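Here is how the chains run, residue by residue.
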Amino acid sequence: MFRPVLRFAAKPASGKNAHVCTGHNTATRHGKVRAMCTEQHHPRSQTASKLAALAGLAGVGIIAGEVWISSRKKSDNTLTAKYLNNQLHLTSPHQSRSFRYQLQESRLASSPEPPREPTTDADTSFRYDMSHPRRGLAIIINNKHFNPSTQMEVREGSEVDQENMSQVLMDLGFDVRVYTDLTCGQMRRVLRKVAEEDHSDSDCLLVSVMSHGYQGEQVYGVDGLVHIHRLSRYFKGENCKTLIGKPKLFIIQACQGERLMEGVTLASASVISEGNLLPVTLAPTSVNTVSNDENLRPQTQTLPSGADFLYFHSVSQGYYSWRNIRRGSWLIQAFCKVLREDGYSGLEIMQLLTKVNRQVATEFESLSPDEKFNKKKQIPCIMSMLTKELYFTQKLPPTLRTESV
């Protein structure tokens with residue numbers, strides 16, 4: 001098709017729903033004072049101390065509405081003309097006339113095409129097999145209270161994340177197990193035992209860790225720090241044979257540093273008007289060198305032991321993660337909303353997580369009387385080692401178990 005479609009979301013701000021972000025006591029826009037706490041970081045930093053003492057810091061939710069625009073631009077017509085010339089050069093006169101007529105019909109179309117559903121062809125080599133009897137296990141570790149030696153505060157509002165995450169994962173067909181307030185050793189033991197189970201009849205595995213955190217992909221047990229990869233290594237191919245070739249998803253709600261992310265004004269917001277679209281900038285095409293030597297391909301397929309993992313962090317390295325004591329963390333709020341609305345919509349996992357990224361980036365913002373902490377933002381981080389596309393399919397009703405260690 002030669003009819004370009006530009007899609008963008010217009011997000012008007014709303015000040016009705018205030019999200020608490022940081023400090024011991026916060027004031028809402030209605031003058032009410034609420035006790036609260038954010039994701040904690042290294043206890044001895046000046047920034048952490050400043051945040052812990054700050055009052056009145058709150059997050060502002062933005063109610064989103066979407067506008068869809070379909071149009072054509074001169075730059076697109078230029079690309080079309082180049083493609084047309086190439087086609088005409090390679091075809092007979094009769095075929096050329098037919099091609100022109102088809103192109104003209106394409107240009108006359110004005111409505112955007114419906115979203116593309118996942119293919120149902122027999123060839124599913126690029127899609128994970130999600131037709132097993134069970135969706136698989138979802139392990140939720142929610143650390144709320146911490147030993148005094150860690151100097152970490154209580155994570156108020158984390159129980160809301162736990163409840164919301166449990167429900168949305170059950171809706172997706174996962175068998176959910178919930179663990180609370182685990183030490184580093186207990187976290188490792190729980191996941192090691194899960195890796196030792198038989199997952200042959202499962203589609204995938206999901207692990208969600210909600211805790212305080214620190215840079216270097218570390219999260220807190222109630223007694224100290226543990227590296228994320230010390231928790232995920234139990235599910236590598238050499239340690240968990242029945243999950244080889246299956247997706248292993250890790251959702252990490254925790255800080256990854258002490259920096260606060262600034263907000264910036266979207267430049268296109270001031271230049272896009274009705275009927276006028278910004279020009280499309282095309283990135284230069286890169287050339288990949290591919291060997292045609294068939295003898296270099298292995299005769300039997302092997303996979304790296306670290307393949308088929310996906311890590312979804314609430315923030316990128318070095319930044320704070322925000323949490324509302326009444327509604328839960330920004331990431332889990334957006335994650336649950338997207339999966340609740342679009343989990344079975346036919347969107348692939350990367351499309352779903354990109355929607356989560358956009359919601360966190362556009363629908364949440366800090367509000368503080370101290371300009372140093374005012375209008376701060378957050379963007380989650382997707383790190384994927386998946387080797388196929390992942391779509392969720394309908395399953396039988398799952399189960400929920402609350403475990404103790």
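Remember, it's a predicted structure, so these values are computed and weren't measured experimentally.

Our next topic: the nonpolar core. M165, L169 and F174 are the most contacted members of the largest nonpolar core, which totals 34 residues. When residues of this core are traced back to their parent elements, those giving at least two are β7 (137-142), α4 (158-171), β8 (175-180), β9 (205-210), β13 (248-253), β16 (309-313), α7 (330-342) and α8 (349-363). Among the elements that line this core, the one with the most residues is α7, at seven residues. Residues within four places of M165 in sequence aside, it is in contact with I140, S208, M210, I251, I332, F335 and C336.

Time to look at unusual backbone geometry. Non-glycine residue Q151 carries a positive phi angle of around 60°. Secondary-structure assignment places Q151 in the loop between β7 and α4. You can call Q151 partly exposed: its relative accessible area is 44%. Its identity as a non-glycine residue notwithstanding, E217 has a phi of 55°, on the positive side. Among the structural elements, E217 can be located in the loop between β10 (213-214) and β11 (218-221).

The next thing to look at is the packing of α4 against α7. Their axes nearest at 10 Å, the elements α4 and α7 cross at an angle of 20°. When the axes of α4 and α7 are compared, the pair comes out roughly parallel. Where α4 crosses over α7, the two elements pack in a sense that is left-handed. Side by side, α4 and α7 meet where D161, N164, M165 and V168 of the first sit next to I332, F335, C336, L339 and R340 of the second. Across the contact of α4 with α7, the residue classes break down as six nonpolar, one polar and two charged.

It is worth spelling out the environment of C184 at this point. By the element assignment, C184 lies in helix α5 (residues 184-196). Overall, the relative accessible area of 7% leaves C184 in the buried class. Between the alpha carbons of C184 and D223 there is a distance of 6.7 Å; along the sequence they are 39 residues apart. With near-sequence residues (within four places) excluded, C184 lies in contact with G221, D223, G224, L225 and V226.

Okay, the packing of aromatic side chains next. Throughout the structure, instances matching the rule amount to nine aromatic pairs. Among the aromatic residues, those joined into a cluster by ring pairs are F235, F250, F309 and Y311. Against the face of F309 rests K248, its NZ or CZ located 5.2 Å from the ring centre.

So, on to the sheet that holds β7. The seven strands are arranged β22-β16-β13-β9-β7-β8-β23 in an open sheet whose pairing can be described as mixed. Here the strands that pair on one side only, and so sit at the sheet edges, are β22 (381-384) and β23 (400-402). Across this sheet, the average inter-strand angle for adjacent strands is 15°, counted without regard to direction. Pairing geometry for β13 and β16, over five bridges, is parallel. Residue pairing across strands places K248 opposite F309, the latter belonging to β16.

A few words now on the confidence of the model for the protein chain. Counting all residues, the mean pLDDT for the protein chain is 73, and 60% of those residues have values of 70 or more. In the predicted structure, residues 1-45 sits below a pLDDT of 50 and forms 170 contacts with residues beyond four places in sequence or in another chain. Segment residues 47-114 is flagged for pLDDT under 50; beyond a separation of four residues in sequence, or across chains, it makes 136 contacts in the model.

We now examine α7. Taking 1.5 Å per residue, 13 residues should reach 18 Å; α7 reaches 18 Å between its end C-alpha atoms and fits that length. In terms of burial, α7 is a largely internal element, 10 of the 13 residues being buried. Buried within α7 are the following residues: W330, L331, I332, Q333, A334, F335, C336, V338, L339 and D342.

A separate point is the sheet that holds β10. Strand order in the open sheet formed by three strands is β10-β11-β12, with antiparallel pairing between adjacent strands. In this open sheet, the two edge strands, each paired with only one partner strand, are β10 and β12 (224-227). Here α5 sits on the sheet and contacts β11 and β12; the angle it forms with β12, its principal contact strand, is near 35°.

A few words now on the environment of L303. Within the secondary structure layout, L303 lies in the loop between β15 (261-262) and β16. What makes L303 partly exposed here is its relative accessible area of 41%. Spatially, the C-alpha atom of L303 lies 8.4 Å from that of I244, the residues being 59 residues apart in sequence. When sequence neighbours within four positions are dropped, the list of residues in contact with L303 reads G245 and D308.

What counts, and at which threshold
- Residues numbered from 1 in each chain as written.
- Predicted model: local features only at pLDDT ≥ 70, side-chain atom pairs only at ≥ 80, totals over all residues.
- Heavy atoms only, no water.
- Core = buried A, V, L, I, M, F, W, Y, C linked by side-chain atoms within 4.5 Å.
- Buried < 20%, exposed > 50% of the residue type's maximum accessible area, 1.4 Å probe, protein only.
- Helix = DSSP H or I, 4+ residues; strand = E, 2+ residues; numbered from the N terminus.
- Contact = heavy atoms within 4.5 Å.
- Axes fitted to C-alpha atoms, helices over the stretch in contact; angles between N-to-C directions.
- Parallel < 35°, antiparallel > 145°, perpendicular 65-115°, else oblique.
- Left-handed = near helix turned anticlockwise from the far one by under 90°.
- Nonpolar A, V, L, I, M, F, W, Y, C, P; charged D, E, K, R; others polar.
- Phe/Tyr/Trp six-rings, centres within 6.5 Å; stacked < 30°, edge-to-face > 60°.
- Lys NZ or Arg CZ within 6 Å of the ring centre and 35° of its normal.
- Pairing = 2+ DSSP bridges.
- pLDDT = per-residue confidence, 0-100.
- Expected span 1.5 Å × (residues − 1).

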